[in-house]
Amino acid sequence: MPSSSIDILGEAVSQGKGIQIHLDIAKLHTRTKIEVPIIIERGKEPGPTILITGGIHGDEINGVEIVRQIVAKGYNKPEKGMVICIPVVNIFGFLNQTRQFPDGRDLNRVFPGSKTGSLASIFAHHLMKEIVPLADYCLDFHTGGANRFNAPQVRINEGDEESLELAKIFGASFIMKSKRREKSYRDSAIKMGKKVLLFEGGKSLDIDKKVTKVGVKGALHIMHHLGVRDFSQEISSKGKKTEPIVVESSKWIRARYSGMFRSSAVLGKFYSKGEVIGSISDPFGFFEKSVKALVNGYVFCVNQAPIVNKGDAIIHMSMEKKEPSKKSEN
């Protein structure tokens with residue numbers, strides 16, 4: 001009996017086969033065609049479809065590296081179901097190492113897009129129409145913006161217990177229960193009935209080996225759990241597994257002075273209210289002011305910019321009601 005095939009962007013993808021196709025909906029002002037590679041692998045048996053994306057923001061290189069490694073190591077080849085990988089969604093921004101699309105818009109603020117809107121909106125429309133409907137689960141890889149370095153974390157929709165369980169299986173240090181941002185990829189995919197895990201780790205224009213390792217292994221955990229492929233050997237680890245810290249609420253510590261910023265905060269570490277976690281000084285040696293924790297909580301994002309202005313967000317902490325036991329602290 002011949003295997004059934006799925007038509008994707010005019011290409012037939014049969015069970016047990018793989019294919020690379022291109023999403024081609026726009027050209028640069030030079031008439032140069034920019035094609036977005038989409039790598040598709042189908043298992044020999046039926047199962048769920050997982051869509052893995054990186055680079056929605058063109059300068060978030062670490063997310064691209066995670067998806068690249070999944071493809072390069074052949075982890076995207078399932079035994080059951082289908083795995084669709086788009087290592088660089090915003091290839092326009094990636095070419096220029098910028099966050100935005102060529103029209104100056106943030107792609108992650110125009111979903112689900114439209115046929116007749118801006119260039120970014122048109123692209124978002126085609127992605128949501130042609131690719132996302134195929135998926136059951138979406139893994140979307142991001143980094144912190146600019147100089148903000150995020151500890152590995154998975155962001156999920158508030159009140160979604162199934163996504164919470166999937167996030168725990170993923171295995172990042174933190175799970176953030178965050179409100180969906182309107183017109184984001186995550187918001188639009190969830191409205192289509194997809195389960196979405198958004199991974200954040202590292203910072204823009206940077207590749208961090210530890211963050212990459214967490215992202216790749218997290219994807220394998222999810223694929224293994226969903227029965228797409230047996231990754232028992234790849235995800236096995238020695239020692240006791242550390243439970244992720246679930247962040248219900250958080251607070252940004254902002255700079256009270258403009259000057260040179262030095263952080264002493266350790267990502268993933270718990271700090272009590274009032275503890276010194278950094279300092280800000282002027283460049284001439286006239287003052288140096290301590291930066292203190294404003295709440296009891298874990299540090300999960302640090303601004304690594306050496307120069308800050310008054311009011312800049314510099315350290316992001318969870319808000320905990322009590323101090324953790326030594327066993328539960330990272």
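Here's a quick rundown of the structure. Keep in mind it's a predicted model, so treat the numbers as computed, not measured. (Residues numbered from 1 in each chain as written. Predicted model: local features only at pLDDT ≥ 70, side-chain atom pairs only at ≥ 80, totals over all residues. Heavy atoms only, no water.)

1. Remarks on the overall build of the protein
How we decide: Helix and strand labels come from DSSP, where a helix needs a run of H or I of at least four residues and a strand needs a run of E of at least two; each type is numbered from the N terminus. For a compact globule the rule gives 2.2 Å times the number of residues to the power 0.38, and the radius of gyration it is set against comes from C-alpha atoms. Only protein chains enter the accessibility calculation, which uses a 1.4 Å probe; a residue whose area is less than 20% of its type maximum is buried, one above 50% is exposed, and one in between is partly exposed. Should any heavy atoms of two residues lie within 4.5 Å, those residues are considered in contact. Residue exposure ignores everything except the shown protein chains as possible cover, and the areas themselves are Shrake-Rupley values with a 1.4 Å probe. Note that His is not counted, nor are the chain ends; the positive residues are Lys and Arg, and the negative ones are Asp and Glu. Every charge is mapped onto a representative atom, which is NZ of Lys, CZ of Arg, CG of Asp or CD of Glu.
Across its full length, the protein carries seven helices and 19 strands. Relative to a compact globule of 330 residues, whose C-alpha radius of gyration would be 20 Å, the protein shows 21 Å and is just as compact. Along the first, second and third principal axes, the C-alpha atoms of the protein reach 75 × 50 × 30 Å. The 330 residues of the protein split such that 50% are buried. For the protein, long-range pairs separated by at least 24 residues make up 66% of all intrachain contacts whose partners lie at least 6 apart in sequence. Here the protein has roughly 16200 Å² of accessible surface; of this, 48% comes from carbon and sulfur atoms. Placing the 49 positive and 36 negative side-chain charges of the protein at their respective mean positions leaves the two points 3 Å apart.

2. Comments concerning helix α3 (residues 119–130)
Put simply, the rule reads: Helices are assigned an expected span. That span is 1.5 Å times one less than the residue count.
Given a rise of 1.5 Å per residue, twelve residues ought to cover 16 Å, and the 17 Å separating the end C-alpha atoms of α3 matches this to within 8%. Buried residues along α3 sit against β3 (18–23), β4 (36–42), β6 (80–86) and α5 (185–191).

3. A few points about the pattern of salt bridges
Cut-off, in case you're wondering: Only one rule defines a salt bridge in this text: a Lys or Arg side-chain nitrogen within 4 Å of an Asp or Glu carboxyl oxygen.
One pass over the full model with this rule turns up eleven salt bridges. Sharing partners across several salt bridges, the network here consists of E60, R99 and D106.

4. Side note on the packing of helix α4 (residues 161–170) against helix α6 (residues 209–225)
Put simply, the test is: Axis angles are defined between N-to-C directions and span 0 to 180 degrees, where every axis is a line fitted to C-alpha atoms and, for a helix, only to the segment in contact. Note on terminology: angles under 35 degrees are roughly parallel, angles over 145 are roughly antiparallel, angles of 65 to 115 are roughly perpendicular, and the others are oblique. Residues are sorted three ways: Asp, Glu, Lys and Arg are charged, Ala, Val, Leu, Ile, Met, Phe, Trp, Tyr, Cys and Pro are nonpolar, and all the rest, Gly among them, are polar.
Two elements in contact, α4 and α6, have axes separated by 8 Å at closest approach and are oriented at 125°. The orientation of α4 relative to α6 falls into the category oblique. Here α4 contributes L166, I169 and F170 to the contact with α6, which in turn contributes V214, G215, G218, A219, H221, I222 and H225. Each residue belonging to the contact of α4 with α6 can be placed in one class, and the counts come to six nonpolar, four polar and no charged.

5. Some thoughts on unusual backbone geometry
A cis amide bond links F111 with the next residue in sequence, P112, at an omega value of 5°. Take P112: it is sitting in the loop between α2 (91–96) and α3. In this structure, L9 takes a positive phi of about 50° despite not being glycine. Topologically, L9 is positioned in the loop between β1 (5–8) and β2 (11–14). On the accessibility criterion, L9 (29% relative accessible area) is partly exposed. Although it is not a glycine, L205 sits at a positive phi angle of roughly 55°. Relative to the helices and strands, L205 is located in the loop between β10 (195–203) and α6. We classify L205 as partly exposed; its relative accessible area is 46%.

6. Describing α4
For the record, the criterion: Arc definition: it is the arc formed by the directions from the helix axis to the C-beta atoms. What qualifies as a polar contact is a pair of N or O atoms within 3.5 Å, subject to a donor-acceptor requirement within protein and to the restriction that residues adjacent in sequence count only when both atoms come from side chains.
Of the residues making up α4, those classed as buried are S163, L164, L166, A167 and F170. For α4, the angular spread of buried residues about the axis comes to 165°, placing them on one side. Against the buried residues of α4 lie β7 (137–144), β8 (148–157), β9 (174–178), β10, α6 and β11 (245–247). Structurally, the start of α4 carries an N-cap: the backbone nitrogen of E162 is 3.3 Å from a side-chain oxygen of D160. G171 sits one or two positions beyond α4 and adopts a positive phi of about 95°.

7. Regarding the pairing of strand β17 (residues 297–303)
Put simply, the rule is: Here, strands pair whenever DSSP counts at least two bridges between them.
Of all the seven residues making up β17, seven are buried; the element is thus mostly covered by neighbouring parts of the structure. As paired strands, β8 and β17 are joined by three bridges and run antiparallel to one another. Paired with N150 across the bridge in β17 is C301. Here strand β14 (residues 270–271) pairs with β17 via two bridges, running antiparallel. The partner of Y271 across the bridge, within β17, is G297. Direction of pairing for β17 relative to strand β19 (residues 313–318): antiparallel, over a ladder of three bridges. The residue of β19 that forms the bridge with V299 is M317.

8. Some thoughts on the side chain of E60
Relative to the helices and strands, E60 resides in the loop between β5 (45–54) and α1 (61–72). Once residues lying within four places of it in the same chain are set aside, the contact partners of E60 are R99, H142, T143 and S204.

9. Observations regarding a negative patch on the surface
Basically, it comes down to this: To count toward a patch, a residue needs a relative accessible area over 30% and no salt bridge; like charges are then connected within 9 Å, while nonpolar side chains (Val, Leu, Ile, Met, Phe, Trp, Tyr) are connected within 5 Å.
Among the surface-exposed residues, E45, E79, D230 and E234 lie close enough to one another that they form a single negatively charged patch. Using a relative accessible area of 47% as the deciding quantity, one classes D230 as partly exposed.

10. Comments concerning the sheet that holds strand β16 (residues 288–292)
Reading across the sheet, the four strands line up as β16-β15-β13-β18 and stay open at both edges, with antiparallel pairing between neighbours. In the strand order of this sheet, the two ends are held by β16 and β18 (307–308), each with one partner. When strand β15 (residues 276–281) meets β16, the two strands line up antiparallel, connected through five bridges. Bridge pairing in β16 places I280 opposite K289.

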